[in-house]
Every structure is written in structure tokens, then in C-alpha cells.
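Secondary and tertiary structure notes
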There are 2 protein chains.
Amino acid sequence: MDRDERPEDIVKALKSIVGSQWVLTEETAIEGYLRDETPEAIRPHPAPWVVLVKPSKVQEVSEILRLANSRKIPVFPLGGRTGLAGAAIPVKPGIAISLERMNRIEVDLENMMAVAEAGATLGDLIKAAEEGGLSFPLHPGDEGAQIGGLIATNAGGVRAVKHGIMRNFVKGLEVVLPTGDVLNLGGKLIKNNMGYSLLNLFIGSEGTLGVITKAVIKLLPKARYTVTLVIPFEKRRDALQSAQLIMRTGIIPLALEYMEWEEIERTSRHLGEAWPAKGKAQLLIILSEFTEEGLLQGCEEISKICEDNHALETLIAERKEEQDRILRIRSNLYTAIKPYVYDILDVTVPPGRIRDLMDKVDAIAEKYGTRIPIYGHIGDGNLHAHIWKEEGRGLEFANKVKKEIYEASRSLGGVLTGEHGIGKVRIQEAHLALGEKEIELIRAIKGVFDPNGIMNPGTIAG
Amino acid sequence: MDRDERPEDIVKALKSIVGSQWVLTEETAIEGYLRDETPEAIRPHPAPWVVLVKPSKVQEVSEILRLANSRKIPVFPLGGRTGLAGAAIPVKPGIAISLERMNRIEVDLENMMAVAEAGATLGDLIKAAEEGGLSFPLHPGDEGAQIGGLIATNAGGVRAVKHGIMRNFVKGLEVVLPTGDVLNLGGKLIKNNMGYSLLNLFIGSEGTLGVITKAVIKLLPKARYTVTLVIPFEKRRDALQSAQLIMRTGIIPLALEYMEWEEIERTSRHLGEAWPAKGKAQLLIILSEFTEEGLLQGCEEISKICEDNHALETLIAERKEEQDRILRIRSNLYTAIKPYVYDILDVTVPPGRIRDLMDKVDAIAEKYGTRIPIYGHIGDGNLHAHIWKEEGRGLEFANKVKKEIYEASRSLGGVLTGEHGIGKVRIQEAHLALGEKEIELIRAIKGVFDPNGIMNPGTIAG
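Quantities reported herein were computed from a predicted structural model and do not represent experimental measurements.

Basis of the calculations
Residues numbered from 1 in each chain as written. Chains lettered and ligands numbered in written order. Predicted model: local features only at pLDDT ≥ 70, side-chain atom pairs only at ≥ 80, totals over all residues. Heavy atoms only, no water. Helix = DSSP H or I, 4+ residues; strand = E, 2+ residues; numbered from the N terminus. Rg over C-alpha atoms; globule rule 2.2 N^0.38 Å. Buried < 20%, exposed > 50% of the residue type's maximum accessible area, 1.4 Å probe, protein only. Contact = heavy atoms within 4.5 Å. Domains from an automatic or database assignment. Buried area = accessible area lost by both parts, 1.4 Å probe. 1 Å grid on protein atoms, 1.4 Å probe; cavity = no way out; pocket = protein on both sides within 12 Å on 5 of 7 lines; lining within 4 Å. Points joined across faces, edges and corners; volume = space filled by probe spheres on them. Nonpolar A, V, L, I, M, F, W, Y, C, P; charged D, E, K, R; others polar. Least-squares fit on C-alpha atoms with pLDDT ≥ 70 in both. Salt bridge = Lys/Arg side-chain N within 4 Å of Asp/Glu carboxyl O. Polar contact = N/O pair within 3.5 Å; in protein donor to acceptor, adjacent residues only side chain to side chain. Lys, Arg positive; Asp, Glu negative; His and termini not counted. Pairing = 2+ DSSP bridges.

1. Focus: the overall build of chain A
The secondary structure content of chain A amounts to 16 helices and 18 strands. Taking 462 residues into account, the globule formula puts the C-alpha radius of gyration at 23 Å, and chain A, at 22 Å, falls close to it. Projected onto the principal axes, the alpha-carbon positions of chain A cover approximately 70 × 60 × 45 Å. Counting only residues that meet the buried cut, chain A has 64% of its 462 residues in that class. When contacts within chain A are restricted to residue pairs at least 6 apart in sequence, long-range pairs at least 24 apart make up 75% of them.

Below, the structure is given as C-alpha cells:
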């Protein structure tokens, strides 16, 4: 349903559900909710009107959805708006739901799980886990990301090599269906084989099946010994060769990142920091082990491999502040480059083909006479490639470059997106990696949960 | 469609697809394909007639399904028939597909993945991984289990604590839909966020959505240092307390098993072996580390925790043959107890509640004046409880005991099954852990893939 004007009776009904002060319609009050971290050039435009509601409990979410469903009004569940594919932007007139008031977290030490409401942030979760004597190892970029969004996008990020991505940590979900039904899927359970995994269907569903309101998240014991290594090389191929050999040793790092001098230096300047190592191609490795000896031996083996492959030096950061500083600079790579790029891609290939992918990306840059800065989670085969804003060359140019990078990924057995999702900006090209039949099935499954199509319209699911 | 007589035109058509010698109809030739490892007392009866086909490639599977679908004939994909919930038993007249001829495995060292056809066995995969310089750590019981079945049941077993269950290892699938369409989901990819995870929907779907014909399975580097600990205690609570403290240290064992003297002793006798440790309640722990020092420190810390909690001694097996022997005896616990039981349950609770679950199971045994032998993957909160065949007390008694154990699990936040699945023997009680709405969604999703309901009818999906 596209409506020209905001239906005031709906606003009134929403106010009676959540209370007047939690229903916002003024542009100035809601504009910050209508964008995410997608580069501006390609970010979808929000609809002419959107009503923003901020429920405080699941019953309110349920009533909002029941109302919206009965009137066939689109509903856009928002997270922390840190997405990079425009998934949460309300592109049709309708109701945007911010779960920011639903941000409680309980840590259950006995079962080593957290129960987090969807509006709690990644930062909140990391802190709560630590205060509860445990840890949450993932670090998908911005700590302002919300739990619901992390799950709806199956977020990854750095520190996902050893223990996996969001999918590996989510054990239970409370979700509200468009009908208002509240489902409790899974629980504080490591194993659960009760029929099709509806839980895994919601993970990565980008708000198209219902609203995630709460999650049970597996935690780990506190990390005992961690170290961050920064290892610069003159040549990219040496860095990548080293990375591949490291992955085969059996040392599973928490993070295994690749980046290049120009980008990490720009970011350091942007933050008023100095990056501790020079060299065109660099590896950033975080190790986390339960014994000090294991950690030391891991460092030694990694250093040896890198030295044998012409590393310039190995910088070892042991102090927490220094490790945090390095991670912070790494996590800001995108922030620093964002103003200069049309798009940030997150193509993903079989991990052993990452070098071929980079070579292909270089060839594309040369072909188009542009630069395509890259860095990525190479332990996972996941590469971020950035399409540079070239003066006088607009979106048409950007789209051509993008499509060639997608095709390069496909030719190596890869996909278009390993973490950001299809969202609202990769639909046109999704068919490059999804067959017609798969898209048909995705849409039919969407129809099972949301026959009126009210949940986050404008995605690949419809 | 239930037919009294085998339609000979179908047999003829199948013969023209796979070749005459790969279509079997004689009872003596196929009876071994019509049962699994479910205890006989509760195992479903196969249908009066079943045609067994043994395709050699995916195109043949596709043609078989297209034929069956056009005639609305039930299709039962078989695995290695090692299941414990009757999931693969053809309970209606139709076509059973054995994929035993599709058993190729390729190991890709560069990407650290195996590509395995569905009919290859777990034993084949473990061996191929080792020969390829890598390893597959999972060990869900019987090595005759086939890859397709391991995935269709999302198998777990021992050695699943450190790296997870099948769901964590399956990265790509080739599946054939009832229409004959062949889908390739995922690939040699660690990360993939291209829409709803149809891959995860097939994992644990018990053959109800289509036929899994091939899988991409993540492998790990060869284990460098492993050790098996057997730690006996006089009291169960001390063993469980130790297990919980071990899990909090940050040492993540490959396996963390609990068992009791009577069962392990019976199994050892059954195999003509001697179990190396005495004590009512025992922990079996397998550690796998990449440094020898890490392994030694792990052993020390675990021993210290157990000693502080009144362990009788700690037996450390370092030689491969000794470790294999211990694992073999453990893996035969079920084989040895099978003739004496009505059922083997695999209830699963939040890991910290396993002690409460065992107490409840004891109370149920006392209430009914029976014994309920237990053991389990306690690192995962997963308990096997066995309903003893009491003379003169039939299935009605067994069902009562079973239902009480299920309810005990539910009352602790658990589910009925953490690994064996609902199959065909747990449908009656599934509603204890699945809401009406969830069952409705499961059936509607099934309808999307298989509108004629030909795939493995007789499960919770319809």
C-alpha cells in the first residue's frame, strides 16, 4: 500500500498502544532513523512519510503488527542503523519500529548464555558479558549495532574466524509474526533438532519475516591470553601466502585480517593516531588461547611462517590498551574511506581463492582506470572492495565496476555478499548468485510468514 | 497415495532411468533397507511394498523425483539407516532411494573443504579428510552413517563440543526438489548472506523437502596433540560439578561425555574389552590442541578441578590406539544396551541444568519402579535416557515414562530431541516442545517445496 498521506487514525491507534510520546511523526525527530551507514550515493531514499514507534515490550510489538497487518501497512523493523546495504530503510510509507527501549540483557553464567532484547547494542552485550564473567567474541564493526539487526543480517566482522559468525551464537529467538503471534524458537540450548530450524530462517532474514524482539546468545568464558599481531609485507602475495599457511597449522586465530598501507594510514590520520607498522600489505591477527604457552607458541609459529615469506617485521601488541587501539583503527577503516566511495562491497569466495579475487579486482581497476581499495576478513574469504568516486563519473560507472567485481567473485565460486546482505541495494544483481528457483522459494517462504507482504518490503523476498 | 499393489509401470520407468539391476523389489533383497537402528519395540513398520532404487548420479535422482511427483508416489531418501527415530523408514508404499553408489569424496586442501556425495559414509569422510592432510572432527556414533543422513538429521554425537555439530560444518548442498529441479546452495564458502538460508532449512529436514545429493563440508587442519581422559567419581554430582567448572575455564574440549559404570562396563564386556577405570560416575574428555604445552596445561587444570571435586583418579590415554579403543567402547554404549530397551531418548536442556534433569529422571525411575540408564554429551546439555524393557510391562508403560522424561526436560527449558530428530517416533509428543503455530509454519514451508507431499511422508512436516 502506498499512501500519499499519513493516516491519522493509524497514528492515534499506535499512540494508544505505546503511549503518545513514543510515536513520532515530525521529520526532524525521525530523520536520523531513516538512514543507515550505506554510502550516500547508493543509499535508498526513505518514503515521503513514516511513523516511528518505540515499543517497550513484546506485547506492544505484537499489537503494532496486528494493526499494521489488518490495514496492510508496511512495517520496517530498525536496528542500530549501522547496515551497509540499506536493508532497514523504510522505502515505502508505513511504520518504522525502533526497539531501542527494549534493551535489557541478562547474563546466565551457569548456562553461559545471554538473554538480550533486540534493542540492546553490541557494545552493551560485550560489556554485559564481561561484567557477568564471560565474553562475547564477535566484533562486527560498529558497537552501536543492535542485537536484532546483528541477527537479522547474520553479521560477521573481524574476530569471526575462531568461533564463527552470528549464526553460530544465536540459540534462541523471540519473534513476532505479522499476525501478532509471538514465537519462542530454540532456547538456552546448544543442540535442538525439533523440526525445521525456523530459528536459522530468521537469522539473515533482514526483517522480512517478522520482528525479532529477544535472543538467547551463547557466550564464552573470558579470554585468558590474547595478543594482537600486525605483520607488514612488501608484497601482497607474501601476506596472503602466509595467511593461508597459518590457517593450515591448526592455530585458529580469533581474527585474520588483511589490509593495505594506504587505507590503514588514512584511517589512523582520520582518528589522530599513528599506525604502528609500515609495509604495503599487512596482516592483523588476533590470537586468543587458554594457556600462555599456547599463545607464545602460536606467536612464534606465525612469526616464523611470515618471516619465511618475507615479512618485514612482526609487531606484537600484548597490552589491552594497545590491542584495543589497533582494533579501533581497523574498525574505522570504513568510516575513513566512506566519503570517498560509491559503495563498499563484501564479496566472498572460497578462502583459498582470495588472492585470485584480489588480482581480478586489480585488473578491473586497471581496466576502468580507477582505484579499488581493498581489505578484508581473509580468514573467511571475505573481501571489502570499495568503488572510488571518480570525478565526472557517476553511478553508471560505479555499477559497471560493481558488476565486474561480482562476476569476478562468481567465477571463483563466490557470492556477492558474505556479511552485509542483499538488503535494498543488491537486488538488481542478486540473480548473479541466486538461481531463479531459489528466489522463487525465498519469496514463497516469505509468503508463508507474511502473506500480506507488510514486513520490510523492497527486499529480494518481495 | 496408498496403493495395494506395486504399479509395474513405475518399476519399468525406474529401470529405464537407473538400469534394471539398480531397481530392487524382492523382499529378501530390500528388507535390510527398510529398518534403521531405532529399538525394535517402537520402530515403525515398513509399507507392504517398496521399490528400492540406487541411482548413480544427480540427473537420475532428478528423473526419479520428477516421475514420482507426476504420479504422486511417496519417496523415501535413505541414508546409512543408523537413525534412532525411524525417520528414513518407508511407512507408505513408494520408492526408497539409496544413494550408496553416489559416494565420491574430493578433499580440497587449499580451501580446507570436502565435497562429498550423499552416499559416502562418515567413515569414508574421516578417512578421506585424513588422507588429504586435514581432519573431520565430528563423530556421531556409527561410522556407517551416510553424509546425506548426517545432514538431514543435523547429527551431533561425541566430539561436537569444540567445533559444533553438522550444521556448523555444512557449507554447501546440492539438493533435488520433488519437481526434479537441482539446487546448488552455498558453496566452498565460510560466509554467505545471499537471502534466507535454504541451506540451513535442509539441514535437519529429515528428507522431507527434497533429496540431498552432495555436500560441501568444512574440514579442519589435522589435530596435532590430542589426549583422552577418563575420570571416575563415586558421586554423580561431583562429576557434573567438575564438568561445569571445566567448561568455564576456557579450555574447550573436543568431547565432554558423562557415563555410568554399569553401562560402560556392560559395553566393554559386550565388546570383549576391559574398561580402564572404576567409579559409578565417569567423565570422558577428549582434548585437542595445537601445542603440546597447551594440551598438558589443559590436562593439569582438568585434573586439578576433578581432584578438588573428589575424583578417584585421572586416567590419561595418549597413544592413538588407546584413545581409539576408549572412543570405540563409548560409541558402542547404545549397541550394547539396545536389546534391553524400549527406547533411547536424547532430551536436551540448557547445559547448566543437566544435573537437575538427571535428578528428575532418577525420580521418574523410582516412581515407576524401573531403571533408566543414562549417559550423554553433557558439554552440550544432551542426555541419553533409556527406557528399560520391564517384564510384563509393555509399550503403554514405556510411553508413560517417556512422556514424563520429556516433560522433565521441558520444565527445565529443554526440548525432546537434541540430535536424533522427531523422525517418525516422536510426532505424538512433538507438541510438548513445538507450538501449534510452529508446526503450522513447518507444514506450510514443507508445502512450498513439496506441494504434493511426496517426500518422506509420515513426519511432523506432514
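2. Quick word on the domain arrangement of chain A
Residues and elements named next belong to chain A. Considered domain by domain, chain A is made up of domain 1 (7-101), domain 2 (105-221), domain 3 (225-331) and domain 4 (337-434). Summarising the inter-unit geometry, the C-alpha centres of domain 1 and domain 2 are found 22 Å apart. In this complex, domain 1 contributes 16 residues to the contact, which on the side of domain 2 involves 19 residues. A combined buried area of about 1,400 Å² lies between domain 1 and domain 2, and 65% of that area is made up of carbon and sulfur atoms.

3. Some points on empty space enclosed by the protein
Applying the stated rule across the entire model yields 4 cavities of 30 Å³ or more. As for the largest cavity, its lining consists of Gly-195 and Tyr-196 of chain A together with Gly-204, Ser-205, Glu-206, Thr-208, Ile-442, Thr-459, Ile-460 and Ala-461 of chain B. Its volume calculated, the second largest cavity comes out at about 40 Å³. What lines the second largest cavity is simply Gly-204, Ser-205, Glu-206, Thr-208, Ile-442, Thr-459, Ile-460 and Ala-461 of chain A together with Gly-195 and Tyr-196 of chain B. Considering only residue class, the lining of the second largest cavity consists of 4 nonpolar, 5 polar and 1 charged.

4. Examining the relation of the copies chain B and chain A
You can overlay chain B on chain A at an RMSD of 0.0 Å; the transform is a turn of 180° with a shift of 0.0 Å along its axis. As the rotation angle and translation indicate, the two copies are arranged about a two-fold axis. No C-alpha of chain B lies nearer the rotation axis than that of Gly-294 of chain B, which sits 2.5 Å from it.

5. Regarding the interface of chain B and chain A
Each partner contributes residues to the interface: chain B has 84 residues there, and chain A has 85 residues. Considering only the surface of chain B that becomes buried against chain A, Lys-191, Met-194 and Tyr-196 of chain B emerge as the three largest contributors, covering 15% of it. At the surface where chain B touches chain A, the tally comes to 8 salt bridges. There are 24 residue pairs in polar contact (both at pLDDT 80 or more) connecting chain B and chain A. The greatest single-element share of the side of chain B that touches chain A, amounting to 9 residues, is contributed by helix H16 (residues 436-449) of chain B. Of the residues contributing to the side of chain B that touches chain A, the split by class is 35 nonpolar, 32 polar and 17 charged.

6. Concerning unusual backbone geometry
All names here are of chain B. A positive phi angle, close to 55°, is found at Lys-72, a residue other than glycine. Structurally, Lys-72 can be placed in the loop between helix H3 (58-71) and strand E3 (75-78). You can call Lys-72 partly exposed: its relative accessible area is 47%. Positioned with a positive phi, His-310 is a non-glycine residue whose angle comes to about 70°. Inspection of the secondary structure assignment puts His-310 in the loop between helix H10 (292-308) and strand E15 (315-317).

7. Section: the side chain of Glu-438 of chain A
With respect to the helices, strands and loops of the structure, Glu-438 of chain A is situated in helix H16 (residues 436-449). Buried charge without a salt bridge: Glu-438 of chain A, with Arg-410 of chain A as the nearest opposite-charge side chain at an N-O distance of 7.4 Å. Not counting residues up to four positions away in its chain, the partners in contact with Glu-438 of chain A are Leu-183, Asn-184, Leu-185 and Leu-198 of chain B.

8. Some thoughts on the pairing of strand E18 (residues 382-388) of chain B
Residues and elements named next belong to chain B. Extensive coverage of E18 is indicated by the burial of 7 of its 7 residues. Of the two faces of E18, the one holding Asn-382, His-384, His-386 and Trp-388 and the one holding Leu-383, Ala-385 and Ile-387 are both buried throughout. Note: strand E16 (residues 341-345) against E18, 4 bridges, orientation antiparallel. Opposite Leu-345, over in E18, you have Ala-385 as the bridge partner. Note that strand E17 (residues 374-377) and E18 share 4 bridges and pair antiparallel. Residue pairing for E18: Gly-376 is matched across the bridge by Leu-383. Connecting the antiparallel pair E17 and E18 is a turn made up of 4 residues, with Gly-381 showing a positive phi of about 70°.

9. Let's talk about the pattern of salt bridges
Residue and element names in this part refer to chain A. The final tally for this structure, using the stated rule, is 70 salt bridges over all chains. As a salt-bridge pair, Asp-362 and Arg-236 come within 3.0 Å of each other at their nearest N and O atoms. Here the residue Asp-362 occupies a position in helix H13 (residues 354-368), and Arg-236 occupies one in helix H8 (residues 236-249), the gap between them amounting to 126 residues. Since its relative accessible area comes to 36%, Asp-362 is described here as partly exposed. With a shortest N-O distance of 2.8 Å, Asp-308 and Lys-304 are connected by a salt bridge. With a gap of 4 residues between them, Asp-308 and Lys-304 both fall in helix H10 (residues 292-308), about one helical turn apart. Exposure remark for Asp-308: the relative accessible area of 47% places this residue in the partly exposed category.

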